[in-house]
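Each chain, written out:
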Amino acid sequence: MPLNIIISNTISAYRKSGGGGTPYCPEALAYFAATGITDPVRQSAYNTLILSALNDGWWSDMISWNGMCNGSAGSNKYNIVNPVDSDPAHRIVFSGGWTYGTYGSTPNGINASADPFVNPSTEFANNGGFGFFIYSRTNLFSGLYGSANYSVNPGLYAQQNWAGNMYSGCYPVPDNAIIFTAANTRRLFVHSRTSSSHSSTWQDGNLLGQENTSGAVLPNQKFLWGARRASVSIDQYDTHEILMCGLTKGLSNATIANMTAAINAFAVAIGGNV
Amino acid sequence: MTQAYKIAADIVDKIKTLRGQDGSLLAPVQDINGDWFISIQEMEAEEFQIYKEKYPNIVGTFVLCEYVAPKKDIII
């Protein structure tokens, strides 16, 4: 057997066994230590999810990845791929009124937002790959899951639901965004731009739309979940309950399929699937 | 009807500096008339209770009343 396959199999086996006599992988243990998650059902669900990301190769695509279903701001704020309580590690800082449930967190639509300390212009290559995902537990065709410099060029928004259509991607519309419709606003939405010429948006593993986009420079302003930021001020707040969300590099179709299956399995495991 | 806690304009800057025990921030927001509010969720959040004791003459005086958000156009 070639050496690289032996090493790969050894690493995989170590992760699956947890190594060191524990039932969980080191990455999961670090997340549990930071968040204080002790429930064995949730620990197992997170461990399985993290193993999927590691073994299917999308762990390194995650820039900011948050479980929003841990029941408090203090446990939701940690970035799964780097659970350190600091801005450079992309912890989330919540602002305003949130309700933190065991299946998701809900912004109040008045003044709530969440800052993962991701500036698209410095985190991603202009005209290159970027992406985001959100597992919504709310069916509501209004609001906006998140944005950075909404409706101003350059801008970026994570799915504006408006007047029967949904919009996702870089501003301006329609050159750099995907316009699509969906049966509802629940479950996992993924948007990915893999190059200056291709973007796609998916719901629950099904392709909702894709565009031969023209790229676009990314905004030099921090992304916020749960709010619409137009230039420097926030002018719209959202009310969708979020089970999980993240900002990513550009994701391949295969990665989106793997990630969707893993996150859906996680939602089922904790009883939060809709 | 949406309710929120009305706060005096001269303490808005102070309120914005307060950080909860989980690292969260208060986010005063203006209503349609320009008055300042914080939400019920913020007032009830466990991580901010320390400030009710620390600043009883400020936080303890907030009044719950109707909040009407400023109208904003949806621009696509």
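Residues numbered from 1 in each chain as written. Chains lettered and ligands numbered in written order. Predicted model: local features only at pLDDT ≥ 70, side-chain atom pairs only at ≥ 80, totals over all residues. Heavy atoms only, no water.

Trainee: Explain the overall build of chain B to me, and be specific about the residues and the numbers.
Mentor: Broken down by element type, chain B carries four helices and four strands. Seen in sequence order, chain B has helices and strands lined up from the N terminus as β-α-β-β-α-α-α-β. Projected onto its principal axes, the C-alpha coordinates of chain B cover approximately 40 × 25 × 25 Å. Sorting the 76 residues of chain B into buried and exposed places 37% on the buried side. Taking all contacts inside chain B whose residues are at least 6 apart in sequence as the whole, residues at least 24 apart take part in 66%. Counting only carbon and sulfur atoms, one obtains 48% of the accessible surface of chain B, whose full area is about 4,600 Å². Taken together, the 8 basic and 12 acidic charged side chains of chain B have centroids lying 5 Å from each other. (Helix = DSSP H or I, 4+ residues; strand = E, 2+ residues; numbered from the N terminus. Buried < 20%, exposed > 50% of the residue type's maximum accessible area, 1.4 Å probe, protein only. Contact = heavy atoms within 4.5 Å. Areas by Shrake-Rupley, 256 points an atom, 1.4 Å probe, with all protein chains shown as cover. Lys, Arg positive; Asp, Glu negative; His and termini not counted. Charge placed at Lys NZ, Arg CZ, Asp CG, Glu CD.)

Trainee: Provide a residue-level description of the sheet that holds strand β2 (residues 29–30) of chain B, including the pertinent values.
Mentor: All names here are of chain B. The strand order β2-β3-β1-β4 describes an open sheet built from four strands, whose pairing is antiparallel. Two strands close off the open sheet at either side, each with one partner strand: β2 and β4 (63–67). Pairing of β2 with strand β3 (residues 36–39), which is carried by two bridges, proceeds in the antiparallel orientation. Bridge pairing links Gln-30 to Trp-36 in β3. (Pairing = 2+ DSSP bridges.)

Trainee: Can you explain the pattern of salt bridges? Please cite residues and give values.
Mentor: Residue and element names in this part refer to chain A. Here the structure, examined in full by the defined rule, presents eight salt bridges over all chains. Residues Arg-91 and Asp-85 are paired through a salt bridge, measuring 2.7 Å at the closest nitrogen-oxygen approach. Between Asp-87 and Arg-91 there is a salt bridge, with the nearest N and O atoms lying 2.7 Å from each other. Shared partners join several salt bridges into a network, and the residues in it are Lys-77, Asp-85, Asp-87 and Arg-91. (Salt bridge = Lys/Arg side-chain N within 4 Å of Asp/Glu carboxyl O.)

Trainee: Can you lay out the interface of chain A and chain B for me, pointing to particular residues and giving the numbers?
Mentor: With 26 residues of chain A at the contact, the number on the chain B side is 21 residues. With both sides pooled, the region where chain A packs onto chain B buries about 1,700 Å², and carbon together with sulfur makes up 59% of that total. For the pair chain A and chain B, the number of links is eight residue pairs in polar contact (both at pLDDT 80 or more). (Buried area = accessible area lost by both parts, 1.4 Å probe. Polar contact = N/O pair within 3.5 Å; in protein donor to acceptor, adjacent residues only side chain to side chain.)

Trainee: Before we move on, could you go through the environment of Asp-56 of chain A and cite the residues and values that matter?
Mentor: All names here are of chain A. Relative to the assigned elements, Asp-56 resides in the loop between α3 (40–55) and β1 (62–67). We classify Asp-56 as partly exposed; its relative accessible area is 40%. Taking C-alpha positions, Asp-56 is 26 Å from Thr-38, a pair spaced 18 residues apart along the chain. Apart from the residues lying within four places of it in its own chain, the contact partners of Asp-56 are Leu-51 and Asn-258.

Trainee: Pulling in residues and values, what's your account of the nonpolar core?
Mentor: Residues and elements named next belong to chain A. Counting residues in hydrophobic clusters, the biggest one holds 35 residues, and the most contacted among them are Tyr-46, Leu-49, Trp-65, Phe-133, Met-244 and Phe-266. Within the residue set of this core, elements represented by two or more residues are α2 (26–35), α3, β1, β6 (130–136), β11 (187–195), β17 (242–248) and α6 (253–270). Dropping the residues within four chain positions of it, Trp-65 is found in contact with Leu-49, Ala-53, Trp-58, Trp-59, Tyr-78, Asn-79, Ile-80, Val-81, Phe-133, Met-244, Cys-245 and Gly-246. In this structure, Ala-114, Met-166, Ala-216 and Ile-242 belong to the second largest nonpolar core, which totals 30 residues. (Core = buried A, V, L, I, M, F, W, Y, C linked by side-chain atoms within 4.5 Å.)

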